[in-house]
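Remarks on the overall topology
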Amino acid sequence: MNRKAFGVFEKICAEEDLKQKTTSYLREEIEKRARRKKFLWLRRAVSFACLAVLFLCGGLFYREYMTPVAYIDFDVNPSVEFRINRFGRVITSHAYNDDGDGILAYVNVNYLSYSEAVKRLLDAMGEEGYLGQDALLCVTVQTNEPSRENLMIQSLKEIVGENKRDGGYDILADIYAVTEEVKHCATECELSPAKYLAIEGLIEVDPEADFEICRNHSVHELREMAREKCKEEKDHYGMLEPTEEEIDSDRNEQEEKDISAEPREEQEDSDLPSDHDSHEHGHGSGHHHGN
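What you see is a predicted model, and the numbers here were worked out from it, not measured in a lab.

Helix and strand content of the protein: eleven helices and five strands. When the 291 residues of the protein are sorted by exposure, 28% land in the buried category. Taking contacts inside the protein between residues at least 6 apart in sequence as the whole, the part at least 24 apart equals 50%. Total accessible area computed for the protein in this model is approximately 20,800 Å², and 52% of it derives from carbon and sulfur atoms.

This part takes up the pattern of salt bridges. Here the structure, examined in full by the defined rule, presents nine salt bridges. For the salt bridge of Arg 120 with Glu 116, the shortest nitrogen-to-oxygen distance reads 3.2 Å. Of this pair, Arg 120 and Glu 116 both sit in helix 4 (residues 114-127), four residues apart, which is roughly one turn of that helix. Given the relative accessible area of 37%, Arg 120 is considered partly exposed. Relative accessible area serves as the criterion here: at 31%, Glu 116 is assigned to the partly exposed category. Between Arg 223 and Asp 174 there is a salt bridge; the shortest N-O distance is 3.2 Å. Separated by 49 residues along the polypeptide, Arg 223 in helix 9 (residues 219-237) and Asp 174 in strand 5 (residues 172-177) bring together distant segments of the chain. Here Asp 174 falls in the partly exposed class, since its relative accessible area comes to 24%.

Moving on to the layout of surface pockets. Any empty space left between the atoms is revealed when a probe the size of a water molecule rolls over them. Roughly 200 Å³ of internal volume is contained in the largest pocket. Lining the largest pocket are 14 residues, with Tyr 71, Gln 142, Asn 144, Glu 180 and Lys 183 sitting closest to its centre. Elements that contribute at least two residues to the lining of the largest pocket include exactly strand 1 (70-75), strand 2 (79-84), strand 4 (136-143) and helix 6 (180-188). In terms of residue count, helix 6 provides more of the lining of the largest pocket than any other element does, four residues in total. In terms of residue class, the lining of the largest pocket is built from four nonpolar, five polar and five charged.

Looking now at a nonpolar patch on the surface. Taken together, the side chains of Phe 48, Leu 51, Leu 54 and Phe 55 present a nonpolar region at the surface, about 490 Å² in accessible area. Within the secondary structure layout, Phe 55 lies in helix 2 (residues 16-65). Residue class for Phe 55 comes out exposed when judged on its relative accessible area of 62%.

What counts, and where the lines are drawn
Numbers given for residues are sequential positions, taken from 1 along each chain in its written order. Given that this is a predicted model, residues contribute local features only at a pLDDT of at least 70 and side-chain atom pairs are listed and counted only at 80 or more, while totals for whole chains, interfaces and linings are drawn from all residues. To get the side-chain values, take all heavy atoms of the structure and skip hydrogens and water. Secondary structure elements are taken from DSSP: a helix is a run of H or I of four residues or more, a strand is a run of E of two residues or more, and numbering for both begins at the N terminus. Partly exposed residues are those whose accessible area sits between 20% and 50% of the maximum for their type, while under 20% is buried and over 50% is exposed, using a 1.4 Å probe and protein chains only. We call two residues in contact when some of their heavy atoms are within 4.5 Å. With residues, only the protein chains shown are counted as cover, and all accessible areas are computed by Shrake-Rupley using a 1.4 Å probe. Salt bridges, as used here, are contacts in which a Lys or Arg side-chain nitrogen is within 4 Å of a carboxyl oxygen on Asp or Glu. Using protein atoms alone on a 1 Å grid, points that fit a 1.4 Å probe yet trap it form a cavity, whereas open point sets bounded by protein on both sides within 12 Å along at least five of seven lines form a pocket; residues with an atom within 4 Å of a point count as lining. Grid points are joined across faces, edges and corners, and a volume is the space filled by probe spheres set on the points. Three classes are used: nonpolar for Ala, Val, Leu, Ile, Met, Phe, Trp, Tyr, Cys and Pro, charged for Asp, Glu, Lys and Arg, and polar for all others, with Gly counted as polar. What goes into a patch is any residue over 30% in relative accessible area without a salt bridge, connected to like charges within 9 Å or, for nonpolar side chains (Val, Leu, Ile, Met, Phe, Trp, Tyr), within 5 Å.

Laid out in structure tokens, this is it:
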């Protein structure tokens, strides 16, 4: 097409110099347009590449942010779970029972730092009357990172301690770590790990206990039921045979008593005259008698 366009000028009656200038101008314009199209395509390609990288990085960050690396479960009567990401934020919260649903409807903890979320949860539980004097607050932590586990348990203990010092709700708190297996089994049963372990402990001493009925009791009630059952068993069958730990403890106490008694025996022996002293005494007496 360009050849046809330039061929038109051969039929135009004009000075040769004008024809050449016009031809050069048109050629430059055509080349400029070609360069513009090439640059526009390159700019669009770079823009699409930047968007692709942005979406990829955003997707990776979102996945990293929304992936739980730790779980904090609360059980006092409302049973609630916090899922924590690697940045220490609560990404989701979950209720195990109706009371838990009511608490989470009352306070929103998502995307807060877990320390702030715990404070708000305790305040909400206190205002709803769940943190009475007879209440037992069980808090469990599950993570596969030992350093994170220790840090979270220490932080949770400090938060509960601050609540007591600030004139909050003075209740008994049990804060400890659980294994991934316990957490998995508890989740399968739709229970907090603390309640799951309490039910398992009760069934161990009372095989006739019904699992579904037990889930309606608090952890404190379940532990009391297990203690009462153990007491009944002892009253019925008499004192149980001592365990190996108790036997070892008694043996160690007896050894300590024997060791403490040895110096006394040595002291008593030292008070008696020795053969050497008797010999000297006899020799002295004989010499005196001779005089």
